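The residues making up each chain are set out below.
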Amino acid sequence: MNDLDAFNLGTLIARVWIGGIFLAHGFRHLKAIQSGPGMANWFESLGLRNGKLQAMNVTYLELAAGAALVVGFLTPLAYGGAASIVLVALVTNHWKNGFWSFAPGEGWEYTGTLTALCIALATFSPGEWSLDDAFGLEFPFEPGTALPIAAAIGILGTAVFLAIFWRPPAKTESDAQ
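Note that this is a predicted model, so its numbers are computed, not measured. (Residues numbered from 1 in each chain as written. Predicted model: local features only at pLDDT ≥ 70, side-chain atom pairs only at ≥ 80, totals over all residues. Heavy atoms only, no water.)

1. Some thoughts on the overall build of the chain
Definition in use: Numbered from the N terminus, helices here are DSSP runs of H or I no shorter than four residues, and strands are runs of E no shorter than two. C-alpha atoms define the radius of gyration in this analysis, and the globule rule sets the expected value at 2.2 Å times the number of residues to the power 0.38. Classification of residues uses two cut-offs on accessible area relative to the type maximum, computed with a 1.4 Å probe and protein chains only: under 20% is buried, over 50% is exposed, and between them is partly exposed. By the convention used here, residues are in contact when the closest approach between their heavy atoms is within 4.5 Å. Areas reported here follow the Shrake-Rupley algorithm with a probe of radius 1.4 Å; residue values treat only the protein chains shown as occluding. Only four residue types enter the tally: Lys and Arg on the positive side, Asp and Glu on the negative side; His and the chain ends are excluded. We put the charge of a Lys on NZ, of an Arg on CZ, of an Asp on CG and of a Glu on CD.
From N to C terminus, the chain includes eight helices and zero strands. Here the C-alpha atoms of the chain give a radius of gyration of 17 Å, agreeing with the 16 Å that 2.2 N^0.38 yields for 177 residues. Here the C-alpha coordinates of the chain stretch approximately 60 × 35 × 30 Å along the principal axes. Within the chain, the proportion of its 177 residues that are buried is 39%. If you take every contact in the chain between residues at least 6 apart in sequence, the share linking residues at least 24 apart comes to 69%. Split by element, the accessible area of the chain, about 9800 Å² in all, is 69% carbon and sulfur. Here the chain contributes 8 positively and 13 negatively charged side chains, and the mean placements of these two sets differ by 17 Å.

2. As for a negative patch on the surface
Operational definition: Like charges are joined within 9 Å and nonpolar side chains (Val, Leu, Ile, Met, Phe, Trp, Tyr) within 5 Å, but only among residues with over 30% relative accessible area and no salt bridge; these make up the patches. Here a salt bridge means any side-chain nitrogen of Lys or Arg lying within 4 Å of a carboxyl oxygen belonging to Asp or Glu.
On the surface, a cluster of negative charge is contributed by Asp5, Glu128, Asp133, Glu138 and Glu142. Note on placement: Glu142 falls in the loop between α6 (131-134) and α7 (143-165). Glu142 gets classed as partly exposed once you look at its relative accessible area, which sits at 45%.

3. Digging into the environment of Leu74
Mapped onto the secondary structure, Leu74 falls in the loop between α3 (51-71) and α4 (75-94). Assessed through its relative accessible area of 37%, Leu74 is described here as partly exposed. A sequence separation of 59 residues divides Leu74 from Asp133, and the C-alpha atoms of the two residues are 10.0 Å apart. The residues touching Leu74, leaving out its near neighbours within four places in the chain, are Asp132 and Leu137.

4. Brief notes about α7
Put simply, the rule reads: By definition here, a helix of n residues has an expected span of 1.5 Å times n minus one. Two axes are fitted around each residue, one to the seven residues ending there and one to the seven starting there, and the angle between them is reported as the bend at that residue.
Compared with the 33 Å implied by 1.5 Å per residue over 23 residues, the 32 Å span of α7 between its first and last C-alpha is a close match. At Ala152, α7 shows its strongest bend, of approximately 25°. Every buried residue of α7 is accounted for by Ala146, Ala150, Gly154, Thr158, Phe161 and Leu162. Turning to α7, the residues buried within the fold contact α3, α4 and α5 (109-121).

5. Overview of a nonpolar patch on the surface
A surface patch of nonpolar side chains, amounting to about 530 Å² of accessible area, comprises Val71, Phe73, Leu74, Leu77, Leu131, Phe135 and Leu137. Tracing the backbone shows Leu137 in the loop between α6 and α7.

6. What to know about the nonpolar core
A general trend in soluble globular proteins is that nonpolar side chains are found buried together. Where we set the bar: Think of a nonpolar core as a cluster: buried Ala, Val, Leu, Ile, Met, Phe, Trp, Tyr and Cys residues, connected wherever their side-chain atoms sit within 4.5 Å.
Counting residues in each nonpolar core, the largest one holds 18 residues, and the members touching the most others are Ile18, Phe22, Leu69, Tyr79, Ala82 and Cys118. Listing elements by their share of this core, those giving two or more residues are α1 (3-34), α3, α4 and α5. Apart from residues no more than four positions distant in its own chain, Leu69 is found in contact with Arg15, Ile18, Gly19, Thr75, Ala78, Tyr79 and Ala82. Ranked by size, the runner-up nonpolar core spans 10 residues in total, among them Ala55, Val58, Val88 and Trp166.

7. Points about the side chain of Thr92
With respect to the element layout, Thr92 can be found in helix α4. Setting aside residues no more than four positions away along its own chain, Thr92 makes contact with Leu46, Leu48, Leu162 and Trp166.

8. A word on α5
Helix length check: α5, at 13 residues, gives a terminal C-alpha distance of 18 Å against a target of 18 Å (1.5 Å per residue), a fit within 8%. In this structure, the buried side of α5 is in contact with α1, α4 and α7.

9. Things to note about the packing of aromatic side chains
We apply this condition: In this analysis, rings of Phe, Tyr and Trp, with Trp reduced to its six-membered ring, are considered paired at centre separations within 6.5 Å, and the interplanar angle assigns stacked below 30 degrees, edge-to-face beyond 60, and tilted for intermediate values.
In this structure the tally under the stated criterion is seven aromatic pairs. For the pair Phe99 and Trp108, a centre-to-centre distance of 5.0 Å together with 85° between the ring planes defines the contact as edge-to-face. On the basis of relative accessible area, Phe99 is assigned to the partly exposed category, the value being 35%. For Trp108, a relative accessible area of 24% translates into the label partly exposed. Between the aromatic rings of Phe161 and Phe165, the centroid separation amounts to 5.1 Å while the plane-to-plane angle is 40°, which identifies the pairing as tilted. You can see Phe161 and its partner Phe165 sitting in helix α7, four residues apart, about one turn around the helix. When its relative accessible area of 15% is taken as the criterion, Phe161 is described as buried.

Right, dumping it as structure tokens:
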């Protein structure tokens, strides 16, 4: 196997695996929002205003970013959107539970790893085995451009989203103990 084929295979494996994770979560969340207000209520319990909107937002972004990554379409943008999804989850739900994902309430190990991988992998071209390559989309595959775009979408997008929609629940006395 030559270096280019190895690169193409490596980026394909990463895109399909991470895209598949987001698709699986998106389909699971789609079933949840179709079955009633439980997911919307859960988002509101985390302090996110308009839980129904947030449930739909997360679900459709997971599905769109996941599908885009699997086929390699607008890859740095898809990685940035995926990073934002898990970074919001890290901040609103997992941070308070510590690092380890097996800790009670699930820590931020998993969401932090996905965030970092999405931003880092956006730095690279999706490879020749992608729709980006098939359509001749060369923007923004230079690492010096792709990395800041994915980081801005992932990190700044999360910060703006949280500033608009997140009002953390007030701590009770039982939380302090």
